[in-house]
Amino acid sequence: MEQQSRRGLLKNAAIAAAAVGSAAVVSETASAKTPKLEKKSYPPPKPGETPLFSGAVSYGNLLFLAGVGAHFEGTIEEHTKHVLDELEQKLVSAGSSMDKVLKVNVYLNDIKDWERMNTAYKGRWGNVPPVRTTVAPAGGIPGNSLVEIDLIAYI
């Protein structure tokens, strides 16, 4: 092996130290840009309360809204409008909007209401409507609602 001069050894050590230092800065910068993903509830549960389920939960920039129904006498159009209005309020309060909805699940008490539900549903989602699944569960919808809708959006 070739022996290095003292000056060469110090120069190489300084170069190595600079490389390690800049790598640490790059690593810290990269970790600072990557936010920690955490599950949040909207609104947050009250201290000491353990709710049965959350009405809205976010994880990162995804927002999941629980099903909303309409528990009053009315037509499928009235129920659908009411449910969509409620969902829109929840989206806005969590920092999202109807334009940011990605996926919708629609549960109809009677599949025969599909066309009439669509009249109230259409046009509520901006230029690019979300993907959608529509079903009529065999046992109906809890609370005698004619429609229940849940969704996934981004914030």
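Per chain, residues are indexed from 1 in the order of the written sequence. Since the coordinates come from a predicted model, pLDDT governs what is reported: local features require at least 70, and pairs of side-chain atoms require 80 or more to be given and counted, while whole-chain, interface and lining totals use all residues. In computing side-chain values, all of the structure's heavy atoms are included and hydrogens and water are not.

Student: I'd like a rundown of the pairing of strand β5 (residues 131-135), residues and numbers included.
Tutor: Of the pairings in the sheet, the one linking strand β4 (residues 101-108) to β5 comprises five bridges and is parallel in character. Its bridge partner being in β5, V104 is matched across the sheet by R132. Whether a crossover is right-handed depends on one test, that the path from the first strand over the helix to the second runs clockwise when the strands point away from the viewer. Strands are runs of DSSP state E lasting at least 2 residues, helices are runs of H or I lasting at least 4, and numbering of each runs from the N terminus. Regarding topology, helix α3 (residues 114-121) serves as the crossover connection from β4 to the parallel β5, and that connection is right-handed. Two strands pair under a simple rule: DSSP has to find at least two bridges between them.

Student: An account of the packing of aromatic side chains is requested, with residue identities and associated values reported.
Tutor: Each Phe, Tyr or Trp ring (for Trp, its six-membered ring) is paired with any other whose centre lies within 6.5 Å, and the angle between the two planes then decides the class: stacked below 30 degrees, edge-to-face above 60, tilted in between. Going through the model one piece at a time under the given rule, you end up with one aromatic pair. Taking 5.2 Å as the distance between ring centres and 45 degrees as the angle between the ring planes, the aromatic pair formed by Y121 and W125 counts as tilted. For every residue, the accessible area (1.4 Å probe, protein chains only) is compared with the maximum for its type, and the residue is labelled buried under 20%, exposed over 50%, or partly exposed between those bounds. The exposure class of Y121 is buried, given its relative accessible area of 7%. Its end group placed over the ring of Y121, R132 keeps NZ or CZ at 4.5 Å from the ring centre. Over a ring means this: the NZ of a Lys or the CZ of an Arg is within 6 Å of the ring centre and within 35 degrees of the ring normal.

Student: Before we move on, could you go through the sheet that holds β4 and cite the residues and values that matter?
Tutor: If you trace the six strands from one edge of the open sheet to the other, you get β1-β2-β3-β6-β4-β5, paired in mixed fashion. Both outer strands of the open sheet, β1 (39-41) and β5, are each paired with one neighbouring strand and no more. Strand after strand, the sheet turns through a mean of 15 degrees between neighbouring axes, direction not considered. Where β4 and strand β6 (residues 147-154) come together, seven bridges link them in antiparallel fashion. Its bridge partner being in β6, V106 is matched across the sheet by I149. Taken strand by strand, helix α2 (residues 76-93) contacts β3 (62-69), β4 and β6, and its axis lies near 150 degrees from that of β3. In the packing of α3 onto the sheet, contacts are made with β4, β5 and β6, and the angle to β5 comes to roughly 145 degrees. Angular values range over 0 to 180 degrees, each being the angle between N-to-C directions of two axes fitted as lines to C-alpha atoms, with helices fitted over their stretch in contact. We call two residues in contact whenever any of their non-hydrogen atoms come within 4.5 Å of each other.

Student: Can you break down the packing of α2 against α3 residue by residue, with the values?
Tutor: At their nearest, the axes of α2 and α3 sit 8 Å apart, and the two run at 40 degrees to each other. What the angle tells us is that α2 and α3 run oblique. Seen from above, α2 lies across α3 with right-handed handedness. In contact with I76, E77, T80, K81 and L84 of α2, α3 contributes R116, M117, T119, A120 and Y121. Its residues assigned to classes, the contact of α2 with α3 shows five nonpolar, two polar and three charged. Oblique is the label for any angle not covered by the other classes, which are roughly parallel (under 35 degrees), roughly antiparallel (over 145) and roughly perpendicular (65 to 115). For any helix crossing, the convention is left-handed if the near helix is rotated counterclockwise from the far helix by under a right angle, and right-handed if that rotation is clockwise. Polarity classes work like this: nonpolar for Ala, Val, Leu, Ile, Met, Phe, Trp, Tyr, Cys and Pro, charged for Asp, Glu, Lys and Arg, and polar for all others, with Gly in that last group.

Student: Please provide a residue-by-residue account of the pattern of salt bridges, values included.
Tutor: Note that side chains of opposite charge can pair when their charged atoms are close. Salt bridge criterion: a side-chain nitrogen from Lys or Arg within 4 Å of a carboxyl oxygen from Asp or Glu. One pass over the full model with this rule turns up five salt bridges. Residues D85 and R124 are paired through a salt bridge, measuring 2.8 Å at the closest nitrogen-oxygen approach. With D85 in helix α2 and R124 in the loop between α3 and β5, this residue pair connects regions lying 39 residues apart in the sequence. The salt bridge partner of E88 is R124, with a shortest N-O separation of 3.1 Å. Placement of the pair is E88 in helix α2 and R124 in the loop between α3 and β5, with a sequence separation of 36 residues. Residue class for R124 comes out buried when judged on its relative accessible area of 19%. One network of salt bridges, in which partners are shared, links K81, D85, E88 and R124.

Student: I'd love a proper account of α3, names of residues and values included.
Tutor: Within the span of α3, buried status applies to M117, N118, A120 and Y121. For α3, the buried positions fall inside an angular range of 160 degrees around the axis, keeping them on one side. In this structure, α3 carries E115 and T119 as exposed residues pointing more than 90 degrees from its buried face. Buried residues belonging to α3 abut α2, β4, β5 and β6. G123, located one to two residues past α3, shows a positive phi value of around 85 degrees. In this context, the arc is that of the directions from the helix axis out to the C-beta atoms.

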